[in-house]
Amino acid sequence: MTDDGTTAAATGTLGYEQARDELIEVVRRLEAGGTSLEDSLALWERGEELAKVCRHWLEGARARLDAALAGPADPAGDSGDTADDAS
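Within every chain, residues take consecutive numbers counted from 1 along the sequence as written. Only residues with pLDDT of at least 70 get local features here, since the model is predicted, and only at 80 or more are side-chain atom pairs given and counted; chain-wide, interface and lining totals rely on the full set of residues. Each side-chain value is worked out from all heavy atoms of the structure, with water and hydrogens disregarded.

(A) Just a negative patch on the surface, in detail. A contiguous patch of negative charge, built from E38, D39, E45 and E48, is present on the exposed surface. Structurally, E48 can be placed in helix α3 (residues 37–70). The rule is simple: take the accessible area with a 1.4 Å probe, protein chains only, and divide by the maximum for that residue type; under 20% is buried, over 50% is exposed, in between is partly exposed. When its relative accessible area of 36% is taken as the criterion, E48 is described as partly exposed. Excluding any residue in a salt bridge, patches collect residues exceeding 30% relative accessible area, merging like charges within 9 Å and nonpolar Val, Leu, Ile, Met, Phe, Trp and Tyr side chains within 5 Å. Computed with a 1.4 Å probe, the accessible areas rest on the Shrake-Rupley method; for each residue, only the protein chains presented here act as cover. Here a salt bridge means any side-chain nitrogen of Lys or Arg lying within 4 Å of a carboxyl oxygen belonging to Asp or Glu. Residues scored as charged are limited to Lys and Arg (positive) and Asp and Glu (negative), so that His and the chain ends carry no count. For charged residues, the charge sits on one atom: NZ in Lys, CZ in Arg, CG in Asp, CD in Glu. Helix and strand assignments follow DSSP, with helices taken as H or I runs no shorter than four residues and strands as E runs no shorter than two, numbered in order from the N terminus.

Dropping the structure here:
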């Protein structure tokens, strides 16, 4: 199991909200205790995978926001027409 393979597969199937909700449940179960060491380790590993999925989605959202805030790189929307040219 590689970090890239696991994250890529999970990202393709889980949306941010799904991953976040499942991560919340994993944390709740770990904090509650009462699970075997093996089950706790499996939960921890799943939580790590889910955290990577969430991080991936959030980094993508940040990149989109940064791009939107930077504005268009090419002012192609400006046709060059001015009020003086309208005569």
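(B) The arrangement of helix α2 (residues 16–32) in detail. By this rule, a helix spans an expected 1.5 Å times one less than how many residues it contains. Helix length check: α2, at 17 residues, gives a terminal C-alpha distance of 24 Å against a target of 24 Å (1.5 Å per residue), a fit within 8%. Positive backbone phi, at 75°, marks G33, one or two positions downstream of α2.

(C) The arrangement of α3 in detail. With 34 residues, α3 should reach 50 Å at 1.5 Å per residue; the first-to-last C-alpha distance of 49 Å fits that figure. Positive backbone phi, at 80°, marks G71, one or two positions downstream of α3.

(D) Quick look at the environment of E49. Mapping E49 onto the fold places it in helix α3. Through-space distance from the C-alpha of E49 to that of L23 is 9.0 Å; in sequence the pair is 26 residues apart.

(E) Looking closely at the pattern of salt bridges. Under the definition given, this model contains 5 salt bridges. Notably, a salt bridge pairs R20 with D21, separated by 3.1 Å at the nearest N-O pair. Judged by its relative accessible area of 32%, R20 is partly exposed. A relative accessible area of 42% places D21 in the partly exposed class. Between R46 and E22 there is a salt bridge, with the nearest N and O atoms lying 2.8 Å from each other. Residue R46 is located in helix α3, and its partner E22 is located in helix α2; the two are separated by 24 residues in the primary sequence. Judged by its relative accessible area of 26%, R46 is partly exposed. One network of salt bridges, in which partners are shared, links E22, R46 and E49.

(F) Main features of the packing of α2 against α3. Axes here refer to lines fitted to C-alpha atoms; in helices the fit is confined to the stretch in contact. Angles between the N-to-C directions go from 0 to 180 degrees. At a minimum axis distance of 9 Å, the contact between α2 and α3 shows a crossing angle of 150°. When the axis of α2 is compared with that of α3, the two are roughly antiparallel. Crossing of α2 over α3 shows left-handed handedness. Counting all contacts with α2, which are made through Y16, A19, R20, E22, L23, V26, R29 and L30, the residues of α3 involved are S40, L43, W44, R46, G47, L50, A51, V53, C54, W57 and L58. For this scheme, ten residues count as nonpolar: Ala, Val, Leu, Ile, Met, Phe, Trp, Tyr, Cys and Pro. Four count as charged, namely Asp, Glu, Lys and Arg, and the remainder, Gly too, count as polar. Across the contact of α2 with α3, the residue classes tally to 13 nonpolar, 2 polar and 4 charged. Note that the term roughly parallel is reserved for angles under 35 degrees, roughly antiparallel for angles over 145, roughly perpendicular for angles of 65 to 115, and oblique for everything else. Crossings are assigned a handedness: left-handed for a near helix turned anticlockwise from the far helix by less than a right angle, right-handed for a clockwise turn. Only heavy atoms matter for contacts: two residues are in contact if any of them lie within 4.5 Å across the pair.

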